[in-house]
Structures are given as C-alpha cells and as structure tokens.
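An overview of the molecular structure
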Amino acid sequence: MADTPHSSCGCDADACAAPVTWTAPRPASRDAQHDHAGHAHDHNHDQSAGVVRLGAALVLALIAEALHFVTGDSGVTIPLGLAVAAVAIWLAGAGTYTSGIKALRRGRLGINALMSVAVTGAFLIGRWPEAAMVMALYAIAEMIEVRAADRARNAIRSLLALAPEQAEVLQSDGRWQTAAAEQIALQAIVRIKPGARVPLDGIITDGQSAVNQAPVTGESLPVERGVGDMVYAGTINGSGELQFRVTAAAASTLLARIIHAVEQAQATRAPTQRLVDRFAVVYTPAVFVLALATAVLAPWLTGLTGLTGLSWLAAAYEALVLLVIACPCALVISTPVTVVSALAAAARRGILIKGGSHLENARSLKAMALDKTGTVTEGRPQLVEWTVLGPGADRNSIARIAMSLAERSDHPVSKAIAQGLACRTQPVDSFTALVGQGTQGAIGGHTYVLGHHPVLHERGLCNAGVEAALKVHEDQGRTVTLLANEHAVLAVFAVADTIKATSRPAVAELKALGVATVLLSGDNPATASAIAAQAGIPEAQGGLLPHDKLAQVQALQRRFGTIGMAGDGINDAPALARADIGFAMGGAGTDTAMEAADVVIMNDDLRRLPETIRLSRRTHAVLLQNIALALGIKAVFIVLALMGDATMWMAVFADVGATLLVVANGLRLLKTKTDDSAVAL
C-alpha cells in the first residue's frame, strides 16, 4: 500500500494505536509555493498511479474469487487462482507489508502489522481469494480516507491562493510596473484596480472603495475603506481604484498569519483526542491477545467441555478475523478530522481558535467577562445629543461657533463634536488649547470656551439649569462638554461611546446558551452601568485598572467556574491570559491582546462569541457520535467473531466502513452553519 500510506491521514502507519500527529507547515513563500506546485503535480501523478494499481488489484481479487467460486477447493485452476490472489495482494499491499514488518520488528502492533498477519494467515490456511479481496478493499478504503482527511486538513490553506501573485507597484519615475508580490518591499505604493484582489497588507493612501473582507474577517457584506484605512491580502476591491502603502511582506500578511495559526492549532491534540489515543494504546494489544487466545485455546476448551469441537483451522480463521477488527483506526482518526474540520469552519467565519483544547473547552463556559471600550462599544466617541441653553439663541450660529473651536483640537471628544456637527466654520483668533480642559478662542470679537464642566464652574458660569442638564447626561454615562461665552453657558454637548449594533443580540444569545455576562471597564461606574444596561448586561464593574480586571476574572472563576474574557486593549491582556478562554477582538485589537488570547475574533462582531460556543458544542456532539460509532461497530463484530459468525469480509467492512463513516461525519463540520442556534445534529 505504498501509494496510500496511512500516515498521510494523520494515523501512524506503523502503529495505528500510537498518538495521531497532524503536520502544520509554516506559510511558504511564493517561490516555495511554486516549488510545491511542481511537487503537487508529481504527487497527483503518484496518486493516479496508485488508483490504477489498486484498480488492478481489485480486478485480480475478483478474478481469484470467481475462480474459487467455479472450481471450489479442487481443480487445475487452483494454482492459477493462488497466483492471481498473490499478485493482487502484492499490488494492493506491498506498502502495508513493508510497514507492518518494520512495526513488528520494533514490537509495535499497528494497522499494517495486523493486516499483514491477517492476510498472510488467511492465505496460508487456504482462504486466498478472501485474503486478496480484503487487502484490495482495505487499500482502496485507506486511499479514500487519506483524501477525505486531507480535505479537512487543507481546507483553510486554500485561502492562501486568494492573494494575487503579482501587483502593480509605483516606480521612482512615476510609472506603474507589475512585480511579483513576494518581491515588493515594505512602504512601496501598490495600485489595485476595481474588482481585483488585494495582493498584500497595507494602508490606503489614495482612493475610496467598498472592500469584501470575507476571506479575513468572515463578514458577508463589503465595508467602505478610504485614506488611512487598512486593507488586507486576499480581500476583494469593489468599484473604486485604490492605492496603498505596503505594511507587511507576502509571508507575513494577516491572511498568511491566520493560516499559520490555524495549522498550528490543527497540529495540537484536543483533550478528547488525547483520551482516545491513550485508550487505543491499550485496546489494540488487548484484542491481539484475544485473537491469539481464540486461535490457541478455543479448540482445546470446546473439546474439554464436550461441545462440538472447533477445529484448529476454524479457530485460526476466527483469530484472523479478530485481528482485522482489532485496528482502532476509526476511533483514532475520528477525533483529529473532526477538530480540524471545526477549526477550519471557524476560521472561515472570522473566528481564529488557537488550539483544539480551546475549541473543546468553549462548550463549558459558564460566564463571559466583557471589556467595554472597543468590545461592547464602538471604541469611538460620537456626538449623541446637544442642546442650546437660553431662550432666543440661534442654534445654527452656536453650532458654527462650537464647530470652529472643536475642529482645531486633536482631543477625541472635540473630534466627535466636530464630526457630529459637520457645519461651516468661522475664523478663530487667539486660539488656545486648555490642556485637559478644552479649547478657547475669539470669534467675531467675542471670547468662547468649549470645555469640561470644571473649567466653566471655576469661572462662575454654571447655574442650576446647567447642573440639571449635566446630570441628565452623566446619569446615562455620557461625557459632557459645554460651550460658553464671557457671560453664560450657551450649549451642552453630550458625547458617548455608543454600543455596537451586534452587542445586544450577542448578549441575548449568550444568555440563551446559559452563559452569564459581566461588563468590566476602566471608565467610571456610571458610564459602565449605562452601557451595560443598553447592551442587556445585568452586571457591570467600573473604574478598573488592568490588575483590577485580573482580580475580577479570578473572582468570577471562583463564582461561576469556567469563564471567558473578551477584550481588545493592552490593559485587557492580563485578564485575557488568566481567563479559561480569552477572546481578543482582532479587527480593532492590539497585538498584545491577540497574543494573550486563545480565540481571536477577526471582525469585532461579538456574535462570534456565542457562535464559538455553539460550534464547540457541535464539535463535542460529533466527537461523541464518532466514538460511539467506532466502538459500537467494533464491539458488534468482535462478538460475532467470538461466536464464529463473522468472516474476513465482514471484518474488513467493520474496519474500513467505520473509518469512512467517522471521517465523513467529521467532515460535516466544514459545512456547519455557525449562526444556527440548534445544537443537535
């Protein structure tokens, strides 16, 4: 079976009971990808040759069966049938015998060792047609299994092909020249035409367009991108032409790093897989001993008890049947193919899970701690309301005065006011930035201040009406800025970090899954409580420093048990690392938070949190189904073999049939719709 090594699917060919290893190569350079393409061509050629070889083996096995059916155990065609069967076994099982002999020399009982002993034994006791057919069917089933398992393992790597191999680069003389993507230097200017895929990561320097970011974030709708925004390799430009400055080499793009992280996660063993591996190490030798006992003791015991004696030949045959049944490959391969499929499905949805253990453990979450700024909220202050104080004031003229002062400040609150007003400005004289308090300037010969409550209170400009207006907004967790002239406060501007549209539905979904939610924030308690109320979060803690958030996570673990933490900033990193599962909001998150987290949400959509939990529960359900299938089928046929009612035909179908069933069942997760709330499969 040299053409279809069992190790290709992740199960050690020499010892199926040994732990499964999934290789996860680093993202290759473009040159390496070209080299691999040539290798893939050779590999496909080898696979084609393997198909022909196995097809010929199956035909010869059928001829051997036909000769035996026509002539029985006597006749001149027996030597011909023996020869045909031997050639069929050699064509299908050359690799199996080679690996099996090596395993036996090392004292290891693997699938190839068991199949080699079983087929050889059957051939020697006169069951040569059956031996040929069993080996041919086994080899064909292994080939199918390898290809199915490779499909799961390579599902995420196909995304790398989305990034174009060439790009248009701006030259020093102003010309545009096409160059290989892997040769483009950092800081180079690249042009993307409408409808083209983005070749590298970068920051837009010219143009505006809607960009489809589904390969990176899983978002189904395009997002508007303009000057200063990031674009990522593999995403699709819309109707506008864009130019961007390259910020990452081809092998270091976000897409390449996502693929590498998923492949690393695929290479790690999930808890269920480790449990199955330990069981398989005991299971195979146990059934081998049972087969040996059947061959040696069964004839003696039946004769001793006075029952109809079982011949030594019949006992040997039943022992060989047990050997075929003994391989735990269906059990061992069921876990990695399921976990790998789930990890790939999650990555396609913008959920980067860094290991099978995190995937499995997510189903057990009892509570979720949520950072406020950038996680539950947009992380960008917005002008949510403004009110003119005093009768007869002209709203438009006050808006222009406030706009004129706000647009000259770099403070986030002033920027939010300027963006919210978006009106014409007036010339400002003697402009002054009041550090930490606001701005001041002369407009039309009058001095105006746009600042916080304390600075105006110190100037004696506040009264009961102003204080009442302030309290209304502060009770809602808003930041209040006042506009005043030399005599009175003219207007109140309320700025707030609004919650994301997806936050409330996400919290509701978590509640439906039985997961409690708690808001943790460094902002003041009033603001934290107001945001929590808007998002439907029943509990909020405000005024927390990084070490306070860490302490809160530890307290939640004592209170609930297994908890998750979602955050996006450097101050969230300690809490993310301490939580049982840390979720980093990747799109707006810092590298520190993404490194500390176990799961990265690439598109900042909080609904991915309940999706992760649902996927974890689905994965666990499929794992249980696969284990039950593998063990159940094996148990039935072991009992049949001990009763003398099983044949090698039945045994090989029990082995390869169970393997193909669990692989197909695991691959279903590649097509799982993670936004479906149903858990039952």
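Note: the structure precedes this text.
I will try to describe carefully the structure that is included in this document. What you are looking at is a predicted structure, and each value in this text was computed from that prediction instead of being measured. (Residues numbered from 1 in each chain as written. Predicted model: local features only at pLDDT ≥ 70, side-chain atom pairs only at ≥ 80, totals over all residues. Heavy atoms only, no water.)

Some details on the overall build of the chain
The line we're drawing: Numbering of helices and strands runs from the N terminus; a helix is a DSSP stretch of H or I covering at least four residues, while a strand is a stretch of E covering at least two. For each residue, the accessible area found with a 1.4 Å probe, counting protein chains only, is set against the maximum for its type, and the residue is called buried under 20%, exposed over 50%, and partly exposed in between. Accessibility throughout is a Shrake-Rupley quantity obtained with a 1.4 Å probe, and a residue counts as covered only by protein chains that appear here.
Counting its regular elements, the chain contains 22 helices and 22 strands. In the chain, buried positions account for 50% of the 681 residues. Accessible surface, the chain as shown: approximately 29000 Å² in total, 58% of it carbon and sulfur.

Description of the sheet that holds strand 8 (residues 236-237)
As a reminder, the rule being used: Should DSSP find at least two bridges between two strands, the strands are regarded as paired.
If you trace the three strands from one edge of the open sheet to the other, you get 6-5-8, paired in antiparallel fashion. Each edge of the open sheet carries a strand with a single partner, namely strand 6 (223-225) and strand 8. Sheet analysis places strand 5 (residues 209-212) next to strand 6, joined by three bridges and oriented antiparallel. Across the sheet, residue valine 211 finds its bridge partner in strand 6, namely valine 223.

A short note on a nonpolar patch on the surface
Heads up, the condition is: Like charges are joined within 9 Å and nonpolar side chains (Val, Leu, Ile, Met, Phe, Trp, Tyr) within 5 Å, but only among residues with over 30% relative accessible area and no salt bridge; these make up the patches. Note on definitions: salt bridges are taken to be side-chain nitrogens of Lys or Arg within 4 Å of carboxyl oxygens of Asp or Glu.
A contiguous nonpolar surface patch, about 560 Å² in accessible area, is contributed by Leu292, Val296, Leu297, Trp300 and Trp312. With four residues, helix 7 (residues 271-304) is the single largest residue contributor to the nonpolar patch. Residue placement: tryptophan 312 occurs in helix 8 (residues 312-326).

Structural notes on the packing of helix 16 (residues 503-512) against helix 17 (residues 525-535)
Filter applied, for reference: Simply put, an axis is a line fit to the C-alpha atoms, just over the touching stretch for a helix, and the angle between two N-to-C directions goes from 0 to 180 degrees. These descriptions rest on fixed angle ranges, namely under 35 degrees for roughly parallel, over 145 for roughly antiparallel, 65 to 115 for roughly perpendicular, and the rest for oblique. Here, two residues are considered to be in contact whenever any of their heavy atoms come within 4.5 Å of each other. Each residue gets one label: Ala, Val, Leu, Ile, Met, Phe, Trp, Tyr, Cys and Pro are nonpolar, Asp, Glu, Lys and Arg are charged, and the others, such as Gly, are polar.
Relative to each other, helix 16 and helix 17 sit at 70°, their axes nearing to 8 Å. Considered as vectors, helix 16 and helix 17 are oriented roughly perpendicular to each other. Here Ser503, Arg504 and Val507 of helix 16 lie close against helix 17, whose contacting residues are Ala533, Gln534 and Ala535. Here the residues of the contact of helix 16 with helix 17 are counted per class, giving three nonpolar, two polar and one charged.

Focus: the pattern of salt bridges
Two side chains carrying opposite charge are able to pair once their charged atoms lie near each other. One pass over the full model with this rule turns up ten salt bridges. Put simply, aspartate 173 and arginine 175 hold a salt bridge, and the shortest N to O gap is 2.7 Å. On the basis of relative accessibility, which here comes to 44%, the residue arginine 175 falls in the partly exposed class. A salt bridge links glutamate 539 to arginine 559, with the shortest nitrogen-to-oxygen separation between them at 3.0 Å. With glutamate 539 in strand 19 (residues 539-541) and arginine 559 in helix 18 (residues 546-560), the pair connects residues that are 20 residues apart, well separated along the chain. On the accessibility criterion, glutamate 539 (22% relative accessible area) is partly exposed.

So, the environment of glycine 374
Of note, glycine 374 is situated in helix 11 (residues 372-376). The buried category is assigned to glycine 374, whose relative accessible area is 5%. As for glycine 374 and threonine 498, which are separated by 124 residues in sequence, their C-alpha atoms are 9.8 Å apart.

Description of unusual backbone geometry
A positive phi is found at glutamine 187, a non-glycine position, where the angle reads about 75°. Within the secondary structure, glutamine 187 is located in the loop between strand 2 (176-180) and strand 3 (189-192). Owing to a relative accessible area of 52%, glutamine 187 belongs among the exposed residues under this scheme. Positive phi values are uncommon outside glycine, yet serine 430 reaches one of about 50°. Along the polypeptide, serine 430 turns up in strand 13 (residues 429-434). Looking at serine 430, the relative accessible area reads 62%, which means it is exposed.

What to know about the side chain of serine 616
Condition: Counting of polar contacts relies on pairs of N or O atoms within 3.5 Å, with two restrictions inside protein: one atom must be capable of donating a hydrogen and the other of accepting it, and residues adjacent in sequence are counted only when both atoms are side-chain atoms.
Following the sequence through the fold, serine 616 ends up in helix 21 (residues 608-642). Only 2.5 Å separates the side chain of serine 616 from the backbone oxygen of leucine 359, close enough to count as a polar contact. Once residues lying within four places of it in the same chain are set aside, the contact partners of serine 616 are Leu359, Glu360, Asn361, Ala362 and Arg363.

Some details on the nonpolar core
So the rule is basically this: We define a nonpolar core as any set of buried Ala, Val, Leu, Ile, Met, Phe, Trp, Tyr and Cys residues linked to one another through side-chain atoms lying within 4.5 Å. The domain boundaries here were taken from an automatic or database domain assignment.
Ranked by size, the top nonpolar core spans 50 residues in total, and within it Val119, Val321, Val324, Ile325, Met648 and Val652 carry the most contacts. Broken down by secondary-structure element, the contributors of at least two residues to this core are helix 1 (30-71), helix 2 (78-105), helix 3 (111-124), helix 4 (128-154), helix 7, helix 8, helix 21 and helix 22 (648-667). The greatest single-element share of this core, amounting to twelve residues, is contributed by helix 4. The residue makeup of this core includes at least three contributed by each of domain 1 (46-161) and domain 3 (267-342 + 614-670). Not counting residues within four places of it along the chain, the set of residues in contact with valine 321 comprises Ala641, Ala646, Thr647, Met648 and Ala651. Formed by 36 residues, the second largest nonpolar core is a distinct cluster that contains Ile531, Ile537, Phe583 and Leu615.

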